[in-house]
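These are the residues of each chain, in order.
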Amino acid sequence: MFFSRCKENARAWKARAQELESRIGGLEAEVEQERRGRLAAEAQAAESQGEIDKCQRIYQTMGKFATSFLELQRSQLAIANTMKTEKQ
């Protein structure tokens, strides 16, 4: 009786161990899936940041061009006004 109870307990513990190992395997797969998702999100964030940086550089360049172009237009207007004044 004692040995049969020990055998039953051993079977129960083995079944529980297998159940837990199976659960661990499932959780490990879930963790791996989440890790892949995190890596994909990080890669997407890095790509987006690269695009933002590129757009900022373009915006700054366009701003500098606009300022330069405005100064050129002002210079041309000043020259035109000077020539107009000299003609009169």
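The preceding data block contains the structure.
Thresholds applied
Residues numbered from 1 in each chain as written. Predicted model: local features only at pLDDT ≥ 70, side-chain atom pairs only at ≥ 80, totals over all residues. Heavy atoms only, no water. Helix = DSSP H or I, 4+ residues; strand = E, 2+ residues; numbered from the N terminus. Rg over C-alpha atoms; globule rule 2.2 N^0.38 Å. Buried < 20%, exposed > 50% of the residue type's maximum accessible area, 1.4 Å probe, protein only. Areas by Shrake-Rupley, 256 points an atom, 1.4 Å probe, with all protein chains shown as cover. Lys, Arg positive; Asp, Glu negative; His and termini not counted. Charge placed at Lys NZ, Arg CZ, Asp CG, Glu CD. Salt bridge = Lys/Arg side-chain N within 4 Å of Asp/Glu carboxyl O.

Visitor: So what's going on with the overall build of the protein? Which residues, and what values?
Guide: A count of helical and extended segments in the protein gives 1 helix and 0 strands. Against the compact-globule benchmark of 12 Å for 88 residues, the protein has a radius of gyration of 38 Å, which places it well outside the compact range. Each principal axis of the C-alpha atoms in the protein carries an extent, and together these give about 130 × 10 × 10 Å. The buried share of the protein, taken over its 88 residues, is 0%. A total of about 8500 Å² of accessible surface is found on the protein, and carbon and sulfur atoms cover 59% of it. Placing the 15 positive and 13 negative side-chain charges of the protein at their respective mean positions leaves the two points 1 Å apart.

Visitor: Residues and numbers for the pattern of salt bridges, please.
Guide: Summed over the entire model, instances satisfying the criterion amount to 6 salt bridges. Taking the shortest distance from any N to any O, the salt bridge between Arg-16 and Glu-19 comes out at 2.9 Å. Highlighted residues: Arg-16 and Glu-19, both in helix H1 (residues 2–87), separated by 3 residues, approximately one helical turn. Of the charged contacts in the structure, one is a salt bridge between Glu-51 and Lys-54, with a shortest N-O distance of 3.6 Å. Of this pair, Glu-51 and Lys-54 are both found in helix H1, 3 residues apart, which corresponds to roughly one turn of the helix.

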